[in-house]
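If you want the building blocks of each chain, they are given just below.
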Amino acid sequence: MENITENQKKEYEAYIKQITPTHNTVVNVAKAFAVGGTICLIGQILLTVFQNQGMDKEIAGAWTLVCLIALTVLLTGFNVFSKIVKFGGAGALVPITGFANSVAAPAIEYKKEGQVFGIGCKIFTISGPVILYGIFSSFVLGVGYLILQWLGWIS
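Residues numbered from 1 in each chain as written. Predicted model: local features only at pLDDT ≥ 70, side-chain atom pairs only at ≥ 80, totals over all residues. Heavy atoms only, no water.

Participant: Can you break down the overall build of the protein chain residue by residue, with the values?
Facilitator: Broken down by element type, the protein chain carries 8 helices and 0 strands. Seen in sequence order, the protein chain has helices and strands lined up from the N terminus as α-α-α-α-α-α-α-α. Within the protein chain, the fraction of its 155 residues that count as buried is 18%. Partitioning the intrachain contacts of the protein chain with sequence separation of at least 6 by distance along the chain shows that 46% fall at a separation of at least 24. (Helix = DSSP H or I, 4+ residues; strand = E, 2+ residues; numbered from the N terminus. Buried < 20%, exposed > 50% of the residue type's maximum accessible area, 1.4 Å probe, protein only. Contact = heavy atoms within 4.5 Å.)

So this is what it looks like as structure tokens:
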């Protein structure tokens, strides 16, 4: 193996420092806050509009989620949501809009491979593990709850 000189190490470290992107945490947090807050504001406006139309809180909340998901899927399809994510980072990815994007994006990307092997398979790339984990953890918690009931520790 070849010996690396101190000068080569310094040159390499300088090169790495030059090509490594720098991030301003305060600016990134502010962008995420603004984007996430805007998504929440849109959701609150939708919720208020639906409630003012006479819907109760639960039904209005369900319609709000449906509208946010549909809007996200449309924006993903028109390649706008990726620009919002690039700007706002976690502010766009954490709410339900991020999950809707993660389901729609692979389906759109692989549509050229056909309805079954493209869209049908790739749509579950992200949502499949989430759904599987949700069902499995619900089962485990349900069994634990049943055991605690049999033991008489909870009623």
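Participant: If you had to explain a nonpolar patch on the surface to someone new, which residues and values would you point to?
Facilitator: On the surface, a cluster of nonpolar side chains totalling about 1300 Å² of accessible area is made up of F136, F139, V140, V143, Y145, L146, I147, L148, W150, L151, W153 and I154. Mapped onto the elements, W150 comes out in helix 8 (residues 124–150). W150 gets classed as exposed once you look at its relative accessible area, which sits at 68%. (Patch = residues over 30% accessible without salt bridge, like charges linked within 9 Å, V, L, I, M, F, W, Y side chains within 5 Å. Areas by Shrake-Rupley, 256 points an atom, 1.4 Å probe, with all protein chains shown as cover. Salt bridge = Lys/Arg side-chain N within 4 Å of Asp/Glu carboxyl O.)

Participant: Before we move on, could you go through the pattern of salt bridges and cite the residues and values that matter?
Facilitator: In this structure the tally under the stated criterion is 1 salt bridge. Here E6 makes a salt bridge to K9, at a shortest N to O gap of 3.8 Å. Here K9 and E6 lie together in helix 1 (residues 6–19), a separation of 3 residues that amounts to about one turn. Overall, the relative accessible area of 52% leaves E6 in the exposed class. Relative accessible area serves as the criterion here: at 40%, K9 is assigned to the partly exposed category.

Participant: Please give an account of the side chain of T97 that cites residues and values.
Facilitator: Relative to the assigned elements, T97 resides in helix 6 (residues 96–109). Within the structure, the side chain of T97 is placed 3.1 Å from the backbone oxygen of A92, a separation counted as a polar contact. Excluding anything up to four places from it in sequence, T97 contacts I39, L68, T72, F81 and A92. (Polar contact = N/O pair within 3.5 Å; in protein donor to acceptor, adjacent residues only side chain to side chain.)

Participant: I'd like a rundown of the environment of Y145, residues and numbers included.
Facilitator: Position of Y145 among the secondary structure elements: in helix 8. Y145 sits 10 residues away from S155 along the chain, and the two C-alpha atoms are 9.9 Å apart. Sequence-distant contacts of Y145, defined by excluding residues within four places in its chain, comprise I154 and S155.

By themselves, these figures tell us nothing about what the structure is for.
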